[in-house]
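# Residue-level structure breakdown
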Amino acid sequence: RWLALPDGTTLGPKPDAAETWELPEGAVLIKHFEVGGRRLETRFLVRRAERWQGYLYRWNASQTDAVLTDGRETGEYVAEGVRRTWEFPSRADCDACHTPEAGGALGLRTVQLNRWVSYGGQEFPQLEALARAGYAELSAPSSALPAWKPEARTVLDVNCAMCHLPGGRGNARIDLLAATPLPQTGVCDVAPGQGDFGLGEAARIVAPGAPERSVLLARMRQRGEGQMPPLASNVADERSADRVRRWIEGLEGCAD
């Protein structure tokens, strides 16, 4: 991943539910995908005056060039001896997740940035390192800012909350931001409104202590119709799903 800012500009926090950081017009975020030493795609997210705009480049088989795509495409790659399908999102797909409600630039959030990194031969919280390098402005010491721990609510925030947050575009009226108290998320011991996913009348979005009745977990493990996230994923993230499973198993109720 790379971050490019126009000369003389910095990024800074803005007060919104997702704790995103504001980037100046002309800023570019770059995300590069490689599997087994083979380049697959490179994505650019550009801050325009009115909104964020995504661009996707698909690398050729000889790895010498990448071509700008428009519509959704698919390709194949081999990883660990298994041939898999890779989905190249369309520009409209970029807009589906990088919404104004979610802050546009999904990864540039206080809780995702405020982790320890090496800078100038020393270890600093990443936000402090960015500030020292001239990329960011901090209104408070980075030690006073929140940072995530690797737990289930973090998984749901990163993978789901861009659509499922207050004012978001998800069909289900739920709030999966990690900072939202569990009783206010609209998922705990709540019957699903978008289908029971084959789990029957006992199905809940999250059934405390019962992962087998939890639609949220079933959708994470499903690939195809009804899967979550709904696009750009052909292989279930079992490590994250298992983290959510263990969290649900440990819930004794809906108290935060």
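Residues numbered from 1 in each chain as written. Predicted model: local features only at pLDDT ≥ 70, side-chain atom pairs only at ≥ 80, totals over all residues. Heavy atoms only, no water.

### Here's the deal with the pairing of strand β6 (residues 52–59)
- Here strand β5 (residues 38–47) pairs with β6 via seven bridges, running antiparallel. Residue pairing in the sheet places R43 in a bridge with L56 of β6.
- The turn joining β5 and β6, which pair antiparallel and follow one another in sequence, is formed by four residues.
- As paired elements, β6 and strand β7 (residues 66–68) share three bridges and run antiparallel to each other. From the neighbouring strand, W59 faces β7, where its bridge partner is A66. (Pairing = 2+ DSSP bridges. Helix = DSSP H or I, 4+ residues; strand = E, 2+ residues; numbered from the N terminus.)

### Re the pattern of salt bridges
- Across all of its chains, the model carries 15 salt bridges by this definition.
- Residue R43 is joined to E41 by a salt bridge in which the shortest nitrogen-to-oxygen separation is 2.7 Å.
- In this structure R43 comes out as partly exposed when scored by relative accessible area, which is 22%.
- Close ionic contact of R246 with D242 constitutes a salt bridge, the shortest N to O distance being 3.1 Å. With R246 and D242 both in helix α6 (residues 238–250), this residue pair falls four residues apart, about one helical turn.
- In this structure R246 comes out as partly exposed when scored by relative accessible area, which is 46%.
- For D242, a relative accessible area of 25% gives the class partly exposed.
- One continuous salt-bridge network, built from bridges that share partners, spans D242, R245, R246 and E249. (Salt bridge = Lys/Arg side-chain N within 4 Å of Asp/Glu carboxyl O. Buried < 20%, exposed > 50% of the residue type's maximum accessible area, 1.4 Å probe, protein only.)

### Section: the packing of helix α4 (residues 152–160) against α6
- Where α4 meets α6, the axes come as close as 8 Å, and the angle between the chain directions of the two elements is 130°. The angle between α4 and α6 falls in the class oblique. Judged by the twist between their axes, the crossing of α4 over α6 is left-handed. Across the interface between the two elements, A152, R153, V155 and L156 of α4 pack against S240, R243, V244 and W247 of α6. (Axes fitted to C-alpha atoms, helices over the stretch in contact; angles between N-to-C directions. Parallel < 35°, antiparallel > 145°, perpendicular 65-115°, else oblique. Left-handed = near helix turned anticlockwise from the far one by under 90°. Contact = heavy atoms within 4.5 Å.)

### Some thoughts on α4
- Burial within α4 is extensive, with seven of its nine residues counted as buried.
- Within α4 the residues assigned to the buried category are A152, R153, T154, V155, L156, D157 and C160.

### A word on the environment of L56
- With respect to the element layout, L56 can be found in strand β6.
- Ignoring sequence-local partners within four residues, the contact set of L56 consists of E41, T42, R43, V67, L68, T69, F88 and P89.

### Description of the sheet that holds β5
- Across the sheet, five strands lie side by side as β1-β4-β5-β6-β7; this open sheet has antiparallel pairing. Each end of this open sheet is capped by a strand with a single partner; those strands are β1 (2–4) and β7. Between one strand and the next, the sheet's axes are offset by a mean angle of 25°, whatever the strand orientation.
- Pairing geometry for β1 and strand β4 (residues 28–35), over three bridges, is antiparallel. What sits directly across from A4, in β4, is V28.

### Topic: the side chain of D157
- Residue placement: D157 occurs in helix α4.
- Every residue in contact with D157, bar those within four places of it in the chain, is listed here: R109, W148, M162, L176, L177 and A178.

### Regarding the packing of aromatic side chains
- In the structure shown here, the tally under the stated rule is four aromatic pairs.
- Here F33 and W86 contribute two aromatic rings whose centre-to-centre distance is 5.7 Å and whose plane-to-plane angle is 70°, an arrangement assigned as edge-to-face. Here F33 is found in strand β4, whereas its partner W86 is found in strand β9 (residues 82–88), with 53 residues between them in sequence. As far as burial versus exposure is concerned, F33 and W86 are alike and both buried.
- Ring centres of Y77 and W86 lie 5.6 Å apart, and the angle between their planes is 80°; this geometry places the pair in the edge-to-face category.
- For Y77, a relative accessible area of 10% puts it in the buried group. (Phe/Tyr/Trp six-rings, centres within 6.5 Å; stacked < 30°, edge-to-face > 60°.)

Geometric values such as these leave the question of function open.
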